[in-house]
Number of protein chains: 2
Amino acid sequence: MAAAPGARCSQCGMHAFCSTAARAGGAGVELIAAKVRVRKGDDVVRAGAPFAALYAVRAGTCKSVLVTPDGQEQIVDCHIAGDIVGADGLAGGTHESTITALEDGEVCALPFDQLETLARANREFQRNLHALLAREIRREQRALLMLGTMRAEQRLAAFLLDLADRYAARGYSASEIVLRMTRDEIGQHLGMKLETVSRLFSRFDQEGLIRVHGRDVKLIDRGALKQLVQAGLH
Amino acid sequence: MAAAPGARCSQCGMHAFCSTAARAGGAGVELIAAKVRVRKGDDVVRAGAPFAALYAVRAGTCKSVLVTPDGQEQIVDCHIAGDIVGADGLAGGTHESTITALEDGEVCALPFDQLETLARANREFQRNLHALLAREIRREQRALLMLGTMRAEQRLAAFLLDLADRYAARGYSASEIVLRMTRDEIGQHLGMKLETVSRLFSRFDQEGLIRVHGRDVKLIDRGALKQLVQAGLH
DNA sequence: CGTAAGTTTGACTTACATCAAGTTTTGTGG
DNA sequence: CCACAAAACTTGATGTAAGTCAAACTTACG
């Protein structure tokens, strides 16, 4: 179950980890990552499950979902290949959100006690691990800013720009996005109804900001999108 | 600038840290916390400042604020005595949110490289540090759920219950709250306007859920408040 | 004690939700 | 590969929660 050695780690967000982990390996510890295939709709982790590992998304995309007592769902974040997920389970020992594959893909389970052992052995790896957790705090703070202060059109524009930037950072096209979420899921993520998402896509298309065909979205006028997010013009 | 030894650490959220830190101290490291007085309105950390330490709130309350490019403010969280703040700065090396005192108080600066050194030396302390970061992830995920799925009245009810619970966990009254935030600040935290906050306080008071006198709030019918949050009845 | 900051309440507006119908896409078994 | 059902999407008409504007009231503070 050990990961294939050197398997395209350079594109993986865990890269910094694994490379320092390899060096820290000299200290007598080695990271054993279990690579798992997931099919669309599979749960990577389920809310309430005991926490034991972080998961590196090797291929595909995932959503992490929190559910209210009355059944309403909030998509807390969506993850693309290279992201590390599941850190919320670390507090309290059980996962709080359910992480589900949005398409077929592959994840690596990284046993957390092994990560901690490596972090104790290697200062650089430790810092990377902490940065990983802090990055999640930061992403969520930004999401709060978005939900708390922006209007629907701004949130959707910000969402598209963020997604494009993240794909770009992983070497994919920065303007051609294939959404893996339904309109309903995008709505659950951005705090609006699917009809509103649909209407905004149509309007952005009409206004020449983007070009939409179902789940294929092409960013046409990034400048205008950015301005929309920032200025919040009516 | 070292903290007064044994200074009411039992009430401090850092307690688990310091106690294990003391034990880890046998490994030749000691935590030097700088205790600082803050006045109402003082910034504990400013957005953009280089990250060097976490801050334990020893007395008083703080808010952490994120600002949009166009000047809108989102109060990401508010912190009471016993909380540890400033973890968002760990990613990227600079603080992203500004943390401001809402009343006179006292904070301890905990140099992060010292915390990391202790974490490498002591497994239990390391786990506590990780749990601290994960708890923040969790709080923010819940806040996202709140902003993304709930209506204004539910958010305010949830806010009051959370605040009461947190005070209770620190040994204060679970039903008598003294708000340290203005209506405007509460609105900036919950994603609504100050007028809406005011109206909801008045309505909750009329309906007998709470008793409001300015910033003094007494929770009367916690059951009803909880039901309001969960059921979202119209 | 007076001014400024904060709060309340009312009248009106608006962004988004809801309800509803029709269209397109996706997936599956014959 | 096609047929057909289910799921996803679009668009319109209407409703409503919360925002905006405005004025009066209360509390905190120099």
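Let me sum up the structure you'll find in this document. (Residues numbered from 1 in each chain as written. Chains lettered and ligands numbered in written order. Predicted model: local features only at pLDDT ≥ 70, side-chain atom pairs only at ≥ 80, totals over all residues. Heavy atoms only, no water.)

DNA strand C sits among 17 residues. The nearest are Ala 152 and Thr 196 of chain A together with Arg 183, Ser 198 and Ser 202 of chain B. Sugar plus phosphate, as a fraction of atoms of DNA strand C within 4 Å of the protein: 67%. Within the contact set of DNA strand C, a phosphate oxygen lies 3.3 Å away from a backbone nitrogen or oxygen of Lys 193 of chain A. Between DNA strand C and Glu 195 of chain A there is a distance of 3.3 Å, counted from a base nitrogen to a side-chain nitrogen or oxygen. For the surface near DNA strand C, the secondary-structure elements that each account for two or more residues are helix H4 (152-169) and helix H6 (194-206) of chain A together with helix H6 (194-206) of chain B. When residues of the surface near DNA strand C are assigned to their parent elements, the largest contribution, five residues, is made by H6 of chain B. Of the residues that constitute the surface near DNA strand C, the class distribution is three nonpolar, four polar and 10 charged. (Near = heavy atom within 4 Å. Polar contact = N/O pair within 3.5 Å; in protein donor to acceptor, adjacent residues only side chain to side chain. Helix = DSSP H or I, 4+ residues; strand = E, 2+ residues; numbered from the N terminus. Nonpolar A, V, L, I, M, F, W, Y, C, P; charged D, E, K, R; others polar.)

In many analyses, interface size is given as the accessible surface area lost on bringing the parts together. Counting residues at the interface gives 47 residues for chain A, matched by 47 residues for chain B. Summing both sides of the interface, chain A and chain B together bury roughly 4,600 Å²; the carbon and sulfur share of this comes to 57%. Considering only the surface of chain A that becomes buried against chain B, Arg 120, Gln 141 and Leu 144 of chain A emerge as the three largest contributors, covering 16% of it. Here Glu 96 of chain B makes a salt bridge to Arg 142 of chain A, at a shortest N to O gap of 2.7 Å. Put simply, chain A and chain B have 23 residue pairs in polar contact (both at pLDDT 80 or more) between them. Of all the secondary-structure elements, those providing two or more residues to the side of chain A that touches chain B are strand E4 (61-67), strand E5 (73-80), helix H2 (112-121), helix H3 (123-149) and helix H7 (222-231) of chain A. For the side of chain A that touches chain B, the element with the highest residue contribution is H3 of chain A, accounting for 21 residues. (Contact = heavy atoms within 4.5 Å. Buried area = accessible area lost by both parts, 1.4 Å probe. Salt bridge = Lys/Arg side-chain N within 4 Å of Asp/Glu carboxyl O.)

So, on to the protein's contact with DNA strand D. Looking at DNA strand D, there are 17 residues lining it, with Arg 183, Ser 198 and Ser 202 of chain A together with Ala 152 and Thr 196 of chain B nearest. Sugar and phosphate atoms represent 65% of those atoms of DNA strand D found within 4 Å of the protein. In this structure, Ala 152 of chain B approaches DNA strand D through a main-chain N or O atom, which is 2.6 Å from a phosphate oxygen. Here Thr 196 of chain B contributes a side-chain N or O atom positioned 2.4 Å from a phosphate oxygen of DNA strand D. In terms of residue count, the dominant contributor to the surface near DNA strand D is H6 of chain A (five residues). Within the surface near DNA strand D, the residues separate by chemical class into three nonpolar, five polar and nine charged.

Turning our eyes to something else, we now look at the environment of Gly 105 of chain A. Residues and elements named next belong to chain A. Here Gly 105 is to be found in strand E8 (residues 105-111). Given a relative accessible area of 4%, Gly 105 falls into the buried group. With 45 residues separating them in the primary sequence, Gly 105 and Met 150 have C-alpha atoms 33 Å apart. Setting aside its immediate chain neighbours within four residues, Gly 105 contacts Val 36, Arg 37, Val 38, Ala 59 and Gly 60. (Buried < 20%, exposed > 50% of the residue type's maximum accessible area, 1.4 Å probe, protein only.)

Our next topic: H6 of chain B. Residues and elements named next belong to chain B. Over its 13 residues, H6 extends 18 Å from the first C-alpha to the last, a length consistent with the 18 Å expected when each residue adds 1.5 Å. Every buried residue of H6 is listed here: Val 197, Leu 200, Phe 201, Phe 204 and Asp 205. Buried residues of H6, seen end-on, are gathered within an arc of 135° and therefore sit on one face of the element. Turned more than 90 degrees away from the buried face of H6, the exposed residues are Arg 199 and Gln 206. Where H6 is buried, its residues meet helix H4 (152-169), helix H5 (183-190), strand E10 (210-213), strand E11 (216-219) and helix H7 (222-231). (Expected span 1.5 Å × (residues − 1). Arc of directions from axis to C-beta.)

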